[in-house]
Amino acid sequence: MAYLITSACKGEKAAECVEVCPVDAIRGDDEMYYIDPDTCIDCGACEPVCPVDAIYEEDFVPEEEQEYIEINANFFQD
Ligand code: SF4
């Protein structure tokens, strides 16, 4: 289980999540930020600070954002 970042982050990249994450699990590219599911400790600190509500716990990701579960994980596989 982990938290992850969805499409609302695209072009936003507010970065409040990066500042509060205690384990440095959040990295980004030019487009958006992503959460490393192997590093995330499910503390939940990032979710409430996101100004665009882009962050969800894995079990609560909306249907239309489900693809981001894989997109977040894939970002850390290289
Ligand atoms: Fe970091 Fe906690 Fe958010 Fe996981 S839930 S990405 S550990 S702030």
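Residues numbered from 1 in each chain as written. Predicted model: local features only at pLDDT ≥ 70, side-chain atom pairs only at ≥ 80, totals over all residues. Heavy atoms only, no water.

Engineer: I tried to follow the overall build of the chain on my own but got confused; where do I start?
Structural biologist: Along its length, the chain carries 3 helices and 4 strands. Tracing the chain from N to C terminus, the helices and strands come up as β-α-β-β-α-β-α. Relative to the 2.2 N^0.38 estimate, which gives 12 Å for 78 residues, the radius of gyration of the chain is 11 Å and therefore close to what a compact globule would have. Taken along the three principal axes of its C-alpha coordinates, the chain extends 25 × 25 × 25 Å. For the chain, the exposed area adds up to about 4600 Å²; of that, 43% sits on carbon and sulfur atoms. (Helix = DSSP H or I, 4+ residues; strand = E, 2+ residues; numbered from the N terminus. Rg over C-alpha atoms; globule rule 2.2 N^0.38 Å. Areas by Shrake-Rupley, 256 points an atom, 1.4 Å probe, with all protein chains shown as cover.)

Engineer: Whenever I open this one, the site of the ligand confuses me. Can you help?
Structural biologist: Lining the immediate environment of the ligand, one finds Tyr3, Cys21, Pro22, Val23, Ile26, Ile35, Cys40, Ile41, Cys43, Gly44, Ala45 and Cys46. Residues belonging to the shell around the ligand are distributed by class as follows: 11 nonpolar, 1 polar and no charged. (Near = heavy atom within 4 Å. Nonpolar A, V, L, I, M, F, W, Y, C, P; charged D, E, K, R; others polar.)

Engineer: Sorry if this is basic, but what is going on with the side chain of aspartate 36 here?
Structural biologist: Along the chain, aspartate 36 turns up in the loop between β3 (33-35) and α2 (46-49). It is arginine 27 that comes nearest to the buried, bridge-free aspartate 36 among opposite-charge side chains, at 7.5 Å. Here aspartate 38 takes part through its backbone nitrogen, which lies 3.0 Å from a polar atom of the side chain of aspartate 36. (Buried < 20%, exposed > 50% of the residue type's maximum accessible area, 1.4 Å probe, protein only. Lys, Arg positive; Asp, Glu negative; His and termini not counted. Salt bridge = Lys/Arg side-chain N within 4 Å of Asp/Glu carboxyl O. Polar contact = N/O pair within 3.5 Å; in protein donor to acceptor, adjacent residues only side chain to side chain.)

Engineer: Looking at this structure, I do not really get the nonpolar core. What am I missing?
Structural biologist: Across soluble globular proteins, nonpolar side chains show a tendency to be buried alongside one another. Core analysis: the biggest nonpolar cluster contains 21 residues, and Ile5, Ile26, Ile35, Cys46 and Ile55 have the highest contact counts within it. Looking at this core, the elements that each hand over two or more residues are β1 (3-5) and β3. Each residue touching isoleucine 26, except ones within four places of it in the same chain, is listed here: Ile5, Cys17, Val18, Cys21, Tyr33, Tyr34, Ile35 and Cys46. (Core = buried A, V, L, I, M, F, W, Y, C linked by side-chain atoms within 4.5 Å. Contact = heavy atoms within 4.5 Å.)

Engineer: Looking at this model, I keep getting lost on the side chain of asparagine 72. Mind explaining?
Structural biologist: Positionally, asparagine 72 belongs in helix α3 (residues 67-75). The contacts of asparagine 72, once residues within four sequence positions are left out, are Leu4, Ile5, Tyr34 and Ile35.

Engineer: I would appreciate a short explanation of the packing of aromatic side chains in the present structure.
Structural biologist: Two numbers describe a pair of aromatic rings. These are the distance of the centres and the angle of the planes. The final tally for this structure, using the stated rule, is 2 aromatic pairs. Geometrically, the ring pair formed by tyrosine 34 and phenylalanine 75 is stacked, given 4.2 Å between the ring centres and 15° between the ring planes. Taken together, the residues tyrosine 34 in strand β3 and phenylalanine 75 in helix α3 connect sequence positions 41 residues apart. Taking the relative accessible area as the measure of exposure, tyrosine 34 reaches 5% and is therefore buried. Relative to phenylalanine 76, the ring of phenylalanine 75 has its centre 5.2 Å away and its plane inclined at 85°; by these criteria the two rings are edge-to-face. What makes phenylalanine 75 partly exposed here is its relative accessible area of 29%. Ring pairing ties together the aromatic residues Tyr34, Phe75 and Phe76, which thus form one cluster. Over the ring of tyrosine 33 we find lysine 13, and its NZ or CZ is 4.8 Å from the ring centre. (Phe/Tyr/Trp six-rings, centres within 6.5 Å; stacked < 30°, edge-to-face > 60°. Lys NZ or Arg CZ within 6 Å of the ring centre and 35° of its normal.)

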